[in-house]
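# Fold and contact review
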Amino acid sequence: MAFTRATGKHRAPSRLTRKSASMAGVAALAATGVIGTLASPALAAETGAATVEDTGLTQIVAADSLADQIADQAAAQKREAAEAAAKAKAEAEAKRKAEARAKEAREAKERAAREAERKRLNSFRLPIAGSYVTTGYKAGGSLWSSGSHSGVDFHAASGTSVVAVGAGTVVEAGWGGSYGNNIVIKMNDGSYTQYGHLSSIGVSVGQRVTPGKQIGLSGSTGNTTGAHLHFEARTSPEYGSDINPVAYLRAHGVGV
């Protein structure tokens, strides 16, 4: 019996035809981008034509790469910001330490200056630089009304500079009878010093003087036989309260 091949609308499509149609559908889906999210691995394997470009994976890989770059850049910026902050902090700390050292040095210098000034104001010296005693304390003789010398005489030609032996305040400046032109100073330690027979006076009552300050010039005014400086140390401004002037000066560090 002979059979004839079916034709017409009931004829089943061939395998080649089905494959062609399937590939056409895949191409259409790829063109619309749908296959990138909907296509199954089986379909991709069947068509054999779905590459990275066909499925949209290129965009995904590119997005991942960009995200990585952004993350790396952010991390680098974060590191740079941290390094800049650390550098700024180190510079600020160095500046602070430098300012602290400068302040400490300045304060030390000021303390040293104050200490030097304090020492200077508390220092004593000879009333006539480089001079020496010609008549000692309590020397006897008819030259003194009390019968003895109430101070010491320092060698000095007329017009020689006479200075305050220490810091104090002038309490007397003028004529002093047998002392001639004389000056009495109340010292900072409460004692008194007296300078007699001056040819001129260079200070006034109430004036403060410092060690070595010139207060007058030596001479031979008053009861004297020649130019010299009569110097006394006293416990009060009054005559008769005298103490040994050499011991007084030595007690204050003066070599005499």
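In this report, we go over the structure that sits alongside the text. This is a predicted model, so every value here is computed, not measured.

## So, the nonpolar core
Among the nonpolar cores identified, the biggest contains 25 residues, and Ile183, Ile185, Tyr195, Ile215 and Leu249 are the most heavily contacted of them. Secondary structure elements with two or more residues in this core: strand S2 (152–155), strand S5 (181–187), strand S6 (192–201), strand S9 (228–234) and helix H6 (245–251).

## Thoughts on the packing of aromatic side chains
Counted by the stated rule, this structure contains four aromatic pairs. Here Phe124 and Tyr248 contribute two aromatic rings whose centre-to-centre distance is 5.9 Å and whose plane-to-plane angle is 80°, an arrangement assigned as edge-to-face. Here the residue Phe124 occupies a position in the loop between helix H5 (57–122) and strand S1 (133–135), and Tyr248 occupies one in helix H6, the gap between them amounting to 124 residues. The exposure classification of Phe124 matches that of Tyr248, with both residues buried.

## Considerations on the pattern of salt bridges
Evaluated as defined, the whole model comprises five salt bridges. The salt bridge involving Arg96 is made with Glu93; its shortest N-O contact spans 2.6 Å. Of this pair, Arg96 and Glu93 both sit in helix H5, separated by three residues, roughly a single helical turn. On the basis of relative accessible area, Arg96 is assigned to the partly exposed category, the value being 46%.

## A word on unusual backbone geometry
A positive phi angle, close to 70°, is found at Lys138, a residue other than glycine. For Lys138, a relative accessible area of 44% translates into the label partly exposed. The phi angle at His197 is positive, at roughly 65°, despite the residue not being glycine. Along the chain, His197 falls in strand S6.

## Topic: the pairing of S9
The element S9 is largely enclosed, with a buried count of seven among its seven residues. Every second residue of S9 is oriented toward a common face, with His228, His230, Glu232 and Arg234 on one face and Leu229, Phe231 and Ala233 on the other, all of them buried. The sheet contact formed by S2 and S9 spans four bridges and is antiparallel. Each residue of the ladder has a partner; that of Asp153, found in S9, is His230. In the sheet, S9 pairs with strand S10 (residues 242–243) via two bridges, with the strands oriented antiparallel. Note on S10: the bridge partner recorded for Arg234 is Asp242.

Calculation rules
Residues numbered from 1 in each chain as written. Predicted model: local features only at pLDDT ≥ 70, side-chain atom pairs only at ≥ 80, totals over all residues. Heavy atoms only, no water. Core = buried A, V, L, I, M, F, W, Y, C linked by side-chain atoms within 4.5 Å. Buried < 20%, exposed > 50% of the residue type's maximum accessible area, 1.4 Å probe, protein only. Helix = DSSP H or I, 4+ residues; strand = E, 2+ residues; numbered from the N terminus. Phe/Tyr/Trp six-rings, centres within 6.5 Å; stacked < 30°, edge-to-face > 60°. Salt bridge = Lys/Arg side-chain N within 4 Å of Asp/Glu carboxyl O. Pairing = 2+ DSSP bridges.

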